[in-house]
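Residue strings, one per chain:
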Amino acid sequence: MGTIGIFDSGYGGLTILDGIRKRMPEYDYIYLGDNARAPYGTRSFDVVYEFTLQAVQKLFSLGCPLVILGCNTASAKALRSIQQNYLPRYAPDRRVLGVIRPTAEVVGELSHTRHIGVLATEGTIKSQSYTLEIEKLHPGATVVGQACPMWVPLVENNEFDKPGADYFVKDSLQKLLAQDPLIDTIILGCTHYPLLLDKINQQLAQLSAANSQLSSIKVIPQGQYIAASLEDYLHRHPEMAERLTRGGTCQYFTTESSSKFRESASLFLHDDVVAQRITLI
Ligand code: DGL
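Thresholds applied
Residues numbered from 1 in each chain as written. Predicted model: local features only at pLDDT ≥ 70, side-chain atom pairs only at ≥ 80, totals over all residues. Heavy atoms only, no water. 1 Å grid on protein atoms, 1.4 Å probe; cavity = no way out; pocket = protein on both sides within 12 Å on 5 of 7 lines; lining within 4 Å. Points joined across faces, edges and corners; volume = space filled by probe spheres on them. Helix = DSSP H or I, 4+ residues; strand = E, 2+ residues; numbered from the N terminus. Nonpolar A, V, L, I, M, F, W, Y, C, P; charged D, E, K, R; others polar. Near = heavy atom within 4 Å. Polar contact = N/O pair within 3.5 Å; in protein donor to acceptor, adjacent residues only side chain to side chain. Sits in = over half its atoms within 2 Å of the grid points. Phe/Tyr/Trp six-rings, centres within 6.5 Å; stacked < 30°, edge-to-face > 60°. Buried < 20%, exposed > 50% of the residue type's maximum accessible area, 1.4 Å probe, protein only. Pairing = 2+ DSSP bridges. Axes fitted to C-alpha atoms, helices over the stretch in contact; angles between N-to-C directions. Contact = heavy atoms within 4.5 Å.

1. A word on the layout of surface pockets
Taken as a whole, the largest pocket spans an internal volume of roughly 740 Å³. Lining the largest pocket are 30 residues, with Leu79, Ile100, Arg101, Pro102 and Glu133 sitting closest to its centre. For the lining of the largest pocket, the secondary-structure elements that each account for two or more residues are helix H3 (72-77), helix H4 (79-90), helix H5 (100-110), helix H7 (129-137) and helix H11 (223-236). Counting residues per element, the lining of the largest pocket draws most heavily on H11, at eight residues. In terms of residue class, the lining of the largest pocket is built from 15 nonpolar, eight polar and seven charged. Taken as a whole, the second largest pocket holds about 330 Å³ of empty space. Along the walls of the second largest pocket sit 15 residues, with Thr15, Asp18, Pro194, Leu195 and Pro221 positioned nearest its centre.

2. A closer look at the site of the ligand
Close to the ligand lie 13 residues; Ser9, Tyr40, Gly41, Thr73 and Thr191 are nearest. Take threonine 73: an N or O atom from its side chain is 2.7 Å from an oxygen atom of the ligand. In a pocket analysis with a 2 Å cut-off to the grid points, the ligand is assigned to the largest cavity. Of the residues assigned to the shell around the ligand, the class counts are five nonpolar, seven polar and one charged.

3. Some details on the packing of aromatic side chains
If you walk through the whole model with that rule in mind, you get ten aromatic pairs. Here tyrosine 31 and phenylalanine 261 contribute two aromatic rings whose centre-to-centre distance is 6.3 Å and whose plane-to-plane angle is 50°, an arrangement assigned as tilted. Taken as a pair, tyrosine 31 in strand S2 (residues 29-33) and phenylalanine 261 in helix H13 (residues 258-269) lie far apart in primary sequence, 230 residues in all. Using a relative accessible area of 0% as the deciding quantity, one classes tyrosine 31 as buried. A relative accessible area of 0% means that phenylalanine 261 is categorised as buried. A ring pair is formed by tyrosine 167 and phenylalanine 168, whose centres lie 5.1 Å apart and whose planes are at 85°; its orientation type is edge-to-face. Taken together through their ring pairs, the aromatic side chains of Tyr11, Tyr31, Tyr252, Phe261 and Phe268 make up a single cluster.

4. Points about the sheet that holds strand S8 (residues 218-220)
In space, the four strands of this open sheet follow the order S6-S5-S7-S8, with parallel pairing throughout. Of all strands in the sheet, those bounded by a partner on one side alone are strand S6 (142-147) and S8. Taken over all neighbouring pairs, the strand axes of this sheet differ in orientation by 20° on average, direction set aside. Looking at chain direction, strand S5 (residues 115-120) and strand S7 (residues 185-188) are connected through four bridges and run parallel. Among the inter-strand pairings, glycine 117 is bridged to a residue of S7, identified as isoleucine 186. Across the sheet, helix H9 (residues 164-179) is in contact with S5, S6 and S7; its angle to S6 comes to roughly 155°.

See the structure below:
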């Protein structure tokens with residue numbers, strides 16, 4: 001019997017955990033944040049793979065038969081190698097799932113113009129993972145991406161609701177919409193970005209008021225879609241669902257100090273979170 005593991009480079013995956021626990025509160029969860037080595041967004045493929053694999057191995061050793069990479073950068077850069085190379089050889093009875101495909105699946109139904117924008121870290125945008133997945137699943141869709149290098153630091157440093165954040169939010173939105181003014185759906189392809197949602201919607205309203213060519217634009221945080229996709233996965237894989245314990249608990253682990261985790265995690269979960277410090281190396 002085991003627990004569902006949720007991994008993120010830092011705090012952002014807590015938005016995914018939150019969505020999943022709201023939909024399936026009955027399961028037991030372990031959250032692991034590699035806060036000491038975050039952000040992953042600008043790191044190379046090799047390093048993101050190495051760090052992500054260490055985290056997955058740790059979650060396996062903590063008793064998780066199923067791990068969700070609740071981090072877009074890790075999903076973009078490490079998931080495929082873990083699924084295709086690592087698991088068959090070293091852990092054939094365990095599963096690792098990501099967040100990009102479930103998001104790409106739903107976006108086709110949400111967009112009317114079939115012009116989709118993706119906001120994410122530099123690593124996720126450069127990997128082209130969203131573009132490739134969406135174009136494969138929804139032929140004819142047009143996808144453009146924009147890296148937002150300042151958004152994760154704004155969130156990590158608790159500046160996301162301060163006036164200074166407006167400039168960076170507007171700048172990235174303008175750059176995205178300049179690439180394709182027909183966009184009607186924007187994916188927040190980074191787990192930190194839901195904390196900027198109010199600012200994003202405010203800035204979009206101002207940009208739309210100033211430019212009548214822009215469509216009315218929906219902004220899509222991922223949490224609820226990842227939760228629905230995981231629920232569907234467990235229905236389709238009862239052999240995995242049967243291996244999971246249902247006590248409604250959640251344990252938190254961080255590679256940073258537990259007091260720092262507690263302080264920042266409360267911004268994401270609006271709850272008091274006690275984490276244990278661990279090392280991954
Ligand atoms: N959680 C990461 C993501 O969803 C962003 C933070 C980072 O750069 O590590 O892409």
